[in-house]
Amino acid sequence: MGTVTKTIGTSSRDYSTIQAWEDALPANLVTDGNAQVGTCYNDSEFTAGTLLVIAGETVNATNFITLKCAAGQSFNDNANVQTNALRYNQTNGVACRSTTLYATTIDIQVDFTVLQDLQIGCNATNGSGLNQGSTSRTSVVVDRCLIDCKSPGANGAPVVLFSGGKIRNSLVINRASTGTGNGVRTGYATTCGLTNLTVVRPSDLTIAGAAFSALSGGTVTLKNCAAFGFTNEVNVAARFTATTCATDVASPMTGFTGSLTYTSQFVTTTDASRDFRAKTGGGLIDTGTTDATNGTPDIAKTARPSGASYDIGCWEYVQAAAGFIAQAFAPVLQAVKRASVY
Amino acid sequence: MAELLIRVVDKVNEDFYLNCQCTKRGDVVVAQPDGWAWGLEELKNPDWRIVVMPELSLGDAQAMLAPELDKDPKSPSKTLQRRAFKFDLDALATSSPDAKAFLADGKRSSPIIKFVADVKDAGVAQVAIATDVLRDADSKPILDQNGKPTPIMLAVDQTATKVSAADLLALKVEKPPTPDPGIIGDNKLAVIG
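Conventions we followed
In this numbering scheme, every chain counts its residues from 1 along its sequence in written order. Labels follow written order: the first chain is A, the first ligand is 1, and so on. Restriction of local features to residues with pLDDT of at least 70 applies here, the model being predicted, together with a cutoff of 80 or more for giving and counting side-chain atom pairs; totals for whole chains, interfaces and linings are based on all residues. Note: side-chain values were computed over all heavy atoms of the structure, leaving out hydrogens and water. A run of H or I in DSSP counts as a helix once it spans at least four residues, and a run of E counts as a strand once it spans at least two, with each numbered from the N terminus. Relative accessible area decides the class of each residue, using a 1.4 Å probe on protein chains only: under 20% of the type maximum gives buried, over 50% gives exposed, and in between gives partly exposed. Contact criterion: two residues are considered in contact whenever any of their non-hydrogen atoms come within 4.5 Å of each other. As a reference, a globule follows 2.2 Å times the number of residues to the power 0.38, and the radius of gyration itself is taken over C-alpha atoms. Accessibility throughout is a Shrake-Rupley quantity obtained with a 1.4 Å probe, and a residue counts as covered only by protein chains that appear here. His is not counted, nor are the chain ends; Lys and Arg add positive charge and Asp and Glu add negative charge. Every charge is mapped to an atom, namely NZ of Lys, CZ of Arg, CG of Asp or CD of Glu. Two strands are said to pair when DSSP picks up at least two bridges between them. Take the accessible area each of two parts loses on contact, using a 1.4 Å probe, and add the two losses: that sum is the buried area. Salt bridge, as used here: a side-chain nitrogen of Lys or Arg that lies within 4 Å of a carboxyl oxygen of Asp or Glu. Under this scheme, a helix contributes an axis fitted over its contacting stretch, all axes are lines through C-alpha atoms, and angles between N-to-C directions fall in the 0 to 180 degree range. pLDDT measures how confident the predictor is about each residue, on a scale from 0 to 100. Here the arc refers to the set of directions running from the helix axis out to each C-beta atom.

Here we take up the overall build of chain B. Assigned secondary structure in chain B consists of 6 helices and 8 strands. Its helices and strands in sequence order give chain B the pattern β-α-β-β-α-β-α-α-β-β-β-α-β-α, from N to C terminus. Looking at chain B as a whole, 39% of its 193 residues qualify as buried. Looking at chain B alone, contacts between residues at least 24 apart form 68% of all its contacts between residues at least 6 apart.

See the structure below:
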């Protein structure tokens, strides 16, 4: 048993497209006896109609599929990660995007699949960033991803359609100018753990939809999640359990703190200049619950907590340990923290 | 205008339903624009071939990537295939001796074939392909000034064969639906249909 790692990119890598890497995987990873890892390089933006479908492989908890960035290639490896605007930007790191109507950027039909540190975009009408389809999964994991979709929801399509597993420390941006699109929608009878997510619609777009939308029969656990810019934080409260979450919605379900001022929580909340790093003095800072298994590190690979407690949302605001070092030194502090964690 | 990575050997999963989602002989895995920098494994994998076809529009090429769609979304099929269309490679081999030899060459001694419409463009041409990257004594890639591995470029013969885009598109076949063995009567309906 081992791990087979292949490189993906357009500069003399093993594969020039992510889809070709997937197609070359053994049909049965269990009998093959290896876990398969695709490591992406930021040689150029990955674009296609539907960028990637992962389907048809037999996997288990040992022999599974991982798609991530090669060392130093993710937006959260960027030297300026603490000061870069937190939004889809291929110059910051590996980025992949669908370009076709109704297309999904990444379609995961195989359980146990892991996505890490990717920027996932879509800017075609009714496209979705990430889709797990309708079949219930148990163990798909999405870690530290930035999912930023221009027009996911003219007919109610979500940015992320998830059917079981965990999404952690990720940013989900629904940039539909019209329609009722959601942020994260979970499928029928699925069990999902959503931890430290920031799910937003930019503040200058029409308020609509629900940040989290669950179909019936499932169990969705929200912890330390931020939901801003939507009509509702969740579609049906009975389908969710929430712990230390935050929203701008007035009178949200139990487990959410409501009526927070949107523009006070993030650096820039308008669409064109959007930047969803947590803002100094915001209500998300130090108000989350400790979760050493799922909550740390944050989307920028900052170890949590920085300060008294975990922050709500994907971004951990870097605070001076002794209380007297200004935020201007945050990049230095970040470098120290990263060196200690990795 | 397009370059196609085509599967020539079925990918097979012993699970019936998962097998439907695997690409099969004649399926286009990816379609890219002219001049695409193919990866090292893409040039070597014996289950694939690369066809360069300047005359074929990228739109026509990418249409080959469409999956089979549910005819009744309210009753989702479990046997939808990864690709709705394929190229009939056996017919292609029959129509062109060069293509036949290319498709049969599992060693991929010539990793790419170029299809041209005009016979005067046919023949052998040399193209540069990357075969590996420069490595140091520890087998680590030597990076260029942009921090990227330095490719080892090799000029190889690329067969150019007279097959027009119309010829190729004439070999585009819509796959029949796969009957679901879990549904009584599904197979019978497919046979009748």
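For chain A, the helix and strand inventory stands at 3 helices and 27 strands. Compactness check: chain A gives a C-alpha radius of gyration of 19 Å against a globular reference of 20 Å for 342 residues, within 12% of the reference. In terms of its C-alpha atoms, chain A occupies a principal-axis envelope of roughly 50 × 45 × 35 Å. A buried classification covers 61% of the 342 residues belonging to chain A. Excluding contacts between residues fewer than 6 apart, the proportion of contacts in chain A whose partners are at least 24 apart in sequence is 68%. Counting only carbon and sulfur atoms, one obtains 51% of the accessible surface of chain A, whose full area is about 11400 Å². Computed over 22 positive and 23 negative side-chain charges, the separation of the two mean positions in chain A equals 3 Å.

Right, let's talk about the pairing of strand E17 (residues 191-195) of chain A for a bit. Residues and elements named next belong to chain A. Here E17 lies mainly inside the structure; 4 of its 5 residues are buried. Where strand E14 (residues 165-168) meets E17, 4 bridges bridge the pair, whose relative direction is parallel. Residue pairing for E17: Gly165 is matched across the bridge by Cys192. When E17 meets strand E20 (residues 219-223), the two strands line up parallel, connected through 5 bridges.

Here we take up the interface of chain B and chain A. At the interface, 28 residues of chain B touch 26 residues of chain A. Taken over both partners, the interface formed by chain B and chain A buries close to 2100 Å², and the fraction arising from carbon and sulfur atoms is 47%. The three residues of chain B that bury the most area against chain A are Lys11(B), Glu41(B) and Arg82(B), which together make up 26% of that side's buried surface. Where chain B packs against chain A, one counts 4 salt bridges. Measuring nitrogen to oxygen at the nearest pair gives 3.1 Å for the salt bridge that ties Lys6(A) to Glu41(B). Secondary structure elements with two or more residues in the side of chain B that touches chain A: strand E1 (2-7), strand E2 (28-33) and strand E6 (123-133) of chain B.

Turning our attention to the side chain of Gln265(A). Checked against the element boundaries, Gln265(A) lands in the loop between strand E25 (256-257) and strand E26 (266-268). Those residues within four positions of Gln265(A) in sequence are excluded, and the remaining contacts are Phe228(A), Leu260(A), Arg277(A), Ala278(A), Lys279(A), Gly282(A), Gly283(A) and Leu284(A).

So, about unusual backbone geometry. Residues and elements named next belong to chain A. For the bond running from Thr296 to Pro297, omega is 0°, close enough to zero to count as cis. Within the element layout of this structure, Pro297 appears in the loop between strand E27 (275-278) and helix H3 (330-341). A cis amide bond, omega -5°, links Arg304 with the succeeding residue Pro305. The phi torsion at Phe112 lies on the positive side, around 65°, for a residue other than glycine. Tracing the chain through its elements places Phe112 in the loop between strand E7 (104-108) and strand E8 (114-116).

Strand-to-strand pairing in sheets goes through backbone hydrogen bonds, with the strands running parallel or antiparallel. All names here are of chain A. The strand order across the open sheet formed by 9 strands is E1-E2-E5-E8-E11-E14-E17-E20-E23, and the pairing between neighbours is parallel. The sheet terminates laterally at strand E1 (2-8) and strand E23 (240-243), the two strands that pair on one side only. In this sheet, adjacent strand axes meet at a mean angle of 10° when their direction is disregarded.

Here we come to the confidence of the model for chain B. Residues and elements named next belong to chain B. Scored by pLDDT, chain B comes out at a mean of 84, with 83% of its residues at no less than 70. Contacts from residues 188-193, a stretch scored under 50 in pLDDT, to residues over four places away or in other chains number 1 contact. Taken over the whole predicted complex, pTM reads 0.88, whereas the ipTM for its chain interfaces reads 0.88.

On to the confidence of the model for chain A. Detailed reading of the predicted model is not advised wherever pLDDT is low. Across chain A, the average pLDDT comes to 90, with 92% of residues at or above 70. Taken together, the stretch residues 322-326 of chain A has pLDDT below 50 and engages in 1 contact with residues farther than four places along the chain or on a different chain.

Applying the stated criterion across every chain, the model contains 20 salt bridges over all chains. Close ionic contact of Lys175(B) with Asp27(B) constitutes a salt bridge, the shortest N to O distance being 2.6 Å. Within this pair, whereas Lys175(B) is found in the loop between strand E8 (172-174) and helix H6 (186-192), its partner Asp27(B) is found in the loop between helix H1 (16-20) and E2, the two being separated by 148 residues in sequence. Put simply, Asp148(A), Lys150(A), Arg175(A), Asp271(A) and Arg274(A) are held in one network by salt bridges that share partners.

To continue, consider helix H4 (residues 97-104) of chain B. Residue and element names in this part refer to chain B. Every buried residue of H4 is accounted for by Ala99, Phe102 and Leu103. Buried residues in H4, looked at end-on, bunch into an arc of 95°, giving them a common side. Every exposed residue of H4 that faces more than 90 degrees away from the buried side is listed here: Pro97, Lys100 and Ala104.

In this section: the sheet that holds strand E12 (residues 146-149) of chain A. All names here are of chain A. Ordered by their spatial adjacency, 9 strands build an open sheet running E3-E6-E9-E12-E15-E18-E21-E24-E25, and the pairing between neighbours is parallel. Edge positions in the sheet fall to strand E3 (46-48) and E25, since each has one partner strand and no second. Here strand E15 (residues 171-174) runs beside strand E18 (residues 198-200); their pairing, made up of 3 bridges, is parallel. Looking across to E18, one finds that Ile173 is bridged to Val200.

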